Amino acid sequence: ITNVLEQTKTLLAKFNVRHQQAQNEEIGAAVLMGTQMVDEHPEPNVDGVIGFWYGKGPGVDRSTDALRHGNSAGTSRNGAVVILSGEDYEAKSSSLPYGQEFAFEHMGIPVLYPATVAEFIEFGQHAIEMSRFAGIWVALKLVGTLCDGGDTIDVDPMKPDIVLPDVIVDGKPFAKRTNFLFTTQGTPTERHLYHDRHIAVRAYARANHLDRIVVRGPNDRIGIAAAGKSFTDIRNALRDLGFDDAALNAHGIRLLKVGLLCPMDTEIIREFAQGLDKIIVVEEKRDFLERQIGRAVCDLTHPVKIVGKYDEAGEILFPVEGGIEPDQITEILARELRRSH
């Protein structure tokens, strides 16, 4: 990325885009925090800065303090910050395998997970608008398989359509605020981040349909939920098994595509779970999505079985190590759907 950006400096300058190399990842994150102080500047020469930080798992690990402080401070009135997080599931270019959603959740940073190369652009735009709207830094989870691949896509400068919802928090209209006085405002800032801003994030995701029930029918009894590349893989796996949308409806199978990994919108999860006997959660690495779905449905009046990392007998279903190959998903889904029918 750095080489490409350096080679196109002249072109980028025409659009007021500046690429600033940092000495290391945490200094880069600290610089982005500085870009969001523009409203405090006595004579700013811009209305706001949209900043991007990019790095892999080790960079996120070493930058946790800077990212956490920056996210707590928030964004300027017209600013936004987006974290491009390269995920190396198989440790192909890292010393250890990495999946960073747990780290971002710890920092209170929302995570959007694109499912295709085309969604890099769509979700990237939503990440900017969500960050600016909610006053929060937003991470894009970019897996190696998609980053190393390619696709032919249509680009429309008028897309995606952006909806900014009306958000009420504690009886008042939501208003984002920035705060750089951590020593005196730490606790109020914490509440504003995890309560107010996260409510605004969920409202934005809901208004822009970042989470969608893709296939549903009146007689559904089995649900399959996944996010990002895993959702693309299950769609391909189901087609290989002969399940187009009509066949899914005929067999009572409902599909949920999650775009906002965290903070999860429990409303769409509960809507998805209504009437189901069982939910199969397909995800790489640990049970990040599965545990959130479990919490969301535990208050429903009817019990719903949830399998993901383990099946109903306590045996390993989808592995926690490495990535999950499409052929693995096809085989596991075939076995699990036979068992459920």
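Here, the structure is the one placed above.
Residues numbered from 1 in each chain as written. Predicted model: local features only at pLDDT ≥ 70, side-chain atom pairs only at ≥ 80, totals over all residues. Heavy atoms only, no water.

Q: Please provide a residue-by-residue account of the pattern of salt bridges, values included.
A: Applying the stated criterion across every chain yields a total of 26 salt bridges. Measuring nitrogen to oxygen at the nearest pair gives 2.5 Å for the salt bridge that ties E26 to R62. Of this pair, E26 sits in helix α3 (residues 25–35) while R62 is found in helix α4 (residues 57–62), placing the two residues 36 residues apart along the sequence. Bridged by salt links that share partners, the residues K278, K305, D311, E312, E336 and R339 form one connected network. (Salt bridge = Lys/Arg side-chain N within 4 Å of Asp/Glu carboxyl O. Helix = DSSP H or I, 4+ residues; strand = E, 2+ residues; numbered from the N terminus.)

Q: So, a nonpolar patch on the surface: which residues are in play, and what are the values?
A: Residues L11, F15 and V17 make up a contiguous nonpolar surface patch of roughly 320 Å² in combined accessible area. Counting through the fold element by element, L11 comes out in helix α2 (residues 9–14). (Patch = residues over 30% accessible without salt bridge, like charges linked within 9 Å, V, L, I, M, F, W, Y side chains within 5 Å. Areas by Shrake-Rupley, 256 points an atom, 1.4 Å probe, with all protein chains shown as cover.)

Q: So what about the layout of surface pockets? Which residues, and what values?
A: By volume, the largest pocket amounts to about 1,800 Å³. Lining the largest pocket are 44 residues, and of these R18, H19, Q20, G51 and F52 lie nearest its centre. Of all the secondary-structure elements, those providing two or more residues to the lining of the largest pocket are α1 (2–7), α3, β1 (50–56), β2 (80–87), α7 (117–134) and β4 (138–143). Take the lining of the largest pocket: its biggest share by element is seven residues, from β1. Along the lines of polarity and charge, the residues of the lining of the largest pocket split into 23 nonpolar, 16 polar and five charged. Of the volumes computed, that of the second largest pocket is approximately 390 Å³. Lining the second largest pocket we find 20 residues, and of these E87, V143, G144, T145 and D148 sit closest to its centre. Broken down by secondary-structure element, the contributors of at least two residues to the lining of the second largest pocket are β2, β4 and α8 (144–147). The greatest single-element share of the lining of the second largest pocket, amounting to three residues, is contributed by α8. When the residues that make up the lining of the second largest pocket are grouped by side-chain class, the tally is six nonpolar, five polar and nine charged. (1 Å grid on protein atoms, 1.4 Å probe; cavity = no way out; pocket = protein on both sides within 12 Å on 5 of 7 lines; lining within 4 Å. Points joined across faces, edges and corners; volume = space filled by probe spheres on them. Nonpolar A, V, L, I, M, F, W, Y, C, P; charged D, E, K, R; others polar.)

Q: Would you mind going over the side chain of S85 in detail, with residue names and values included?
A: In this structure, S85 sits in strand β2. Accessibility expressed as a relative area gives 0% for S85, which makes it buried. At 2.7 Å, the side chain of S85 and the side chain of E87 are in polar contact. The residues touching S85, leaving out its near neighbours within four places in the chain, are G55, V60, Q100, F104, L140, K141 and L142. (Buried < 20%, exposed > 50% of the residue type's maximum accessible area, 1.4 Å probe, protein only. Polar contact = N/O pair within 3.5 Å; in protein donor to acceptor, adjacent residues only side chain to side chain. Contact = heavy atoms within 4.5 Å.)

Q: Kindly report on helix α13 (residues 288–297), identifying the contributing residues and their values.
A: The buried count for α13 comes to seven of ten residues, which makes it a mostly enclosed element. Looking only at α13, the buried set comprises F288, L289, E290, Q292, I293, A296 and V297.

Q: Summarise the pairing of β1; cite the residues concerned and give the values.
A: A one-sided burial pattern is seen for β1, the buried positions being G51, W53 and G55 and the unburied ones I50, F52, Y54 and K56. Looking at chain direction, β1 and β2 are connected through seven bridges and run parallel. Along β2, the bridge assignment pairs G51 with V81. (Pairing = 2+ DSSP bridges.)

Q: Lay out the nonpolar core in plain terms, naming residues and giving numbers.
A: Residues I279 and I293 are the most contacted members of the largest nonpolar core, which totals 43 residues. In contact with I279, not counting residues within four places along its chain, are G223, A225, F272, A273, I293, V304, K305, I306 and V307. Within the second largest apolar cluster, 24 residues are counted, among which are I128, V167, F174 and L210. (Core = buried A, V, L, I, M, F, W, Y, C linked by side-chain atoms within 4.5 Å.)

Q: Any details on empty space enclosed by the protein? Residues and values, ideally.
A: According to the stated counting rule, one finds one cavity of 30 Å³ or more in the structure shown. Each pocket or cavity is described by its volume, and for the largest cavity that value is around 50 Å³. Considering the residues around the largest cavity, the lining is formed by E101, Y113, K141, A227, S230, L261, V282, E283, E284 and L289. Classifying every residue of the lining of the largest cavity by side-chain character gives five nonpolar, one polar and four charged.

Q: Account for the side chain of R254, with residues named and values stated.
A: One can find R254 in strand β9 (residues 253–258). Within the structure, R254 has its side chain in polar contact with the side chain of D220 (distance 2.9 Å). Looking at R254, its side chain comes within polar contact range of the main-chain oxygen of Q274, at 2.9 Å.

Q: I'd love a proper account of the packing of helix α12 (residues 266–273) against α13, names of residues and values included.
A: Two elements in contact, α12 and α13, have axes whose closest approach is 9 Å; the angle formed by their N-to-C orientations is 75°. Taken together, the axis directions place α12 and α13 in an arrangement best described as roughly perpendicular. Contact residues: T266, I269, R270 and A273 in α12; I293, A296 and V297 in α13. For the contact of α12 with α13, the residue count by class is five nonpolar, one polar and one charged. (Axes fitted to C-alpha atoms, helices over the stretch in contact; angles between N-to-C directions. Parallel < 35°, antiparallel > 145°, perpendicular 65-115°, else oblique.)

Q: I'd love a proper account of the environment of R335, names of residues and values included.
A: Turning to its location among the elements, R335 is positioned in helix α14 (residues 326–340). Look at R335 and you get partly exposed, because its relative accessible area is 31%. Note: C-alpha distance between R335 and K305 (30 residues apart in sequence) is 17 Å.

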